[in-house]
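# Analysis of the macromolecular model
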Amino acid sequence: ANLAESIDDDTGGHLQRIRHYCKVLADELRADSRYKDQITEEYSEMIFDLSPLHDLGKVGIRDYILQKPDKLTSEEFEKMKDHAEIGARALRMAGEMIHRESIFSIGEMIARFHHEKWDGTGYPAVDINGEHRPLRGEEIPLCARIVALADVYDALTSKRPYKMPFPPEKAREMILAQSGKHFDPEVVQSFVRREQEFLGIRSQYPDNFSLPEGRPFELPARDRV
């Protein structure tokens, strides 16, 4: 996930913020929402662990699109959409290769569907009930609905090549305006109740956040001459 993010110069803060935002939302939905009986502690932890893989498919998108400082053309945006399927396919293959498909199943759903919208105007289109169209409402996996809000909030409050960050109050206003359109209203209400924690996470993991260094490399004993 960090390799994918490094393509457009993110240094780790985005991924850390996303996973913590998602955990806050999942925990709140588990405590107080009509989904509370669907969300276990393990499910919440899995979203925390796998949500950083949401944009893994960026590795398959041309750099000039990812790093473009201006608005994407319609053709470029269509190419950008491919990252959802590229990431999901990679995660499915990873699970199959180690015969542990269940490990990556939530990650695969997040990667494929985190750009779907509650009102059915997102992407990608899939075959469902005899139609080929985007998912809508509760057809969208809950994990992807959670990541959708977390990802948009982070994009709104972060600097991008094409924009400066919006202040938190403006981001909140924009998310509320998209309740029932882009976002699941239940997820929006969870965000509203826990917004102060989002602000704390934003401060804890700023855009210049660096991952801790790993252990120094040491040649395995079996390979030493």
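No experiment lies behind these values; they were computed from the predicted model shown.

### Things to note about the overall build of the chain
- When helices and strands are tallied, the chain shows ten helices and two strands.
- Of the regular secondary structure in the chain, the N- to C-terminal order runs α-α-α-α-α-α-β-β-α-α-α-α.
- Its C-alpha atoms give the chain a radius of gyration of 18 Å, within 12% of the compact-globule value 17 Å for 225 residues.
- Dimensions of the chain, computed from C-alpha atoms along their principal axes, come out at roughly 65 × 45 × 40 Å.
- Looking at the 225 residues of the chain, the share that counts as buried comes to 46%.
- The long-range fraction of contacts in the chain, counting pairs at least 24 apart against all pairs at least 6 apart in sequence, stands at 63%.
- Total accessible area on the chain stands at roughly 12500 Å², and carbon and sulfur atoms take up 52% of it.
- Charged side chains of the chain number 32 positive and 41 negative; the gap between the two group centres comes to 1 Å.

### With respect to the packing of helix α2 (residues 13-31) against helix α9 (residues 185-193)
- Interaxial distance between α2 and α9 falls to 9 Å at its minimum, and their mutual angle equals 105 degrees. Looking at the two axes, α2 sits roughly perpendicular to α9. Residues L25, E28 and L29 of α2 form the contact with α9, whose own contacting residues are E186, V187, S190, F191 and R193.
- Its residues assigned to classes, the contact of α2 with α9 comprises four nonpolar, one polar and three charged.

### Focus on the nonpolar core
- With 38 residues, the main nonpolar core has L25, I47, I146, L149, I175 and F198 as its most contacted residues.
- At eight residues, helix α7 (residues 142-156) tops the list of elements feeding residues into this core.
- Look past the residues within four positions of L25 in its chain and what remains in contact with it is I146, L149, A150, V187, S190, F191 and F198.
- With six residues, the next largest nonpolar core counts V126, I128, I140 and A144 among its residues.

### Some details on the confidence of the model for the chain
- Looking at the chain, the pLDDT average stands at 91 and 90% of residues meet or exceed 70.
- Looking at the elements of the chain, mean pLDDT is at its lowest for helix α1 (residues 2-6), recorded as 78, and at its highest for α9, recorded as 98.

### Details of unusual backbone geometry
- Following Y123, the chain continues into P124 via a peptide bond in cis, with omega recorded as 5 degrees.
- With respect to the helices and strands, P124 occurs in the loop between α6 (101-113) and β1 (125-128).
- Phi angles above zero are rare outside glycine, and H99 is one such case at about 55 degrees.
- Examined against the element boundaries, H99 turns out to sit in the loop between α5 (74-97) and α6.
- Of note in the backbone geometry, N129 takes a positive phi value of approximately 50 degrees without being a glycine.
- For N129, the location among the structural elements is in the loop between β1 and β2 (131-134).
- Residue N129 is classed as exposed on the basis of its relative accessible area of 67%.

### Looking at the side chain of R112
- Following the sequence through the fold, R112 ends up in helix α6.
- With a relative accessible area of 14%, R112 lands in the buried category.
- Within polar-contact distance, the side chain of R112 engages the side chain of E85 at 3.0 Å.

What counts as what
- Residues numbered from 1 in each chain as written.
- Predicted model: local features only at pLDDT ≥ 70, side-chain atom pairs only at ≥ 80, totals over all residues.
- Heavy atoms only, no water.
- Helix = DSSP H or I, 4+ residues; strand = E, 2+ residues; numbered from the N terminus.
- Rg over C-alpha atoms; globule rule 2.2 N^0.38 Å.
- Buried < 20%, exposed > 50% of the residue type's maximum accessible area, 1.4 Å probe, protein only.
- Contact = heavy atoms within 4.5 Å.
- Areas by Shrake-Rupley, 256 points an atom, 1.4 Å probe, with all protein chains shown as cover.
- Lys, Arg positive; Asp, Glu negative; His and termini not counted.
- Charge placed at Lys NZ, Arg CZ, Asp CG, Glu CD.
- Axes fitted to C-alpha atoms, helices over the stretch in contact; angles between N-to-C directions.
- Parallel < 35°, antiparallel > 145°, perpendicular 65-115°, else oblique.
- Nonpolar A, V, L, I, M, F, W, Y, C, P; charged D, E, K, R; others polar.
- Core = buried A, V, L, I, M, F, W, Y, C linked by side-chain atoms within 4.5 Å.
- pLDDT = per-residue confidence, 0-100.
- Polar contact = N/O pair within 3.5 Å; in protein donor to acceptor, adjacent residues only side chain to side chain.

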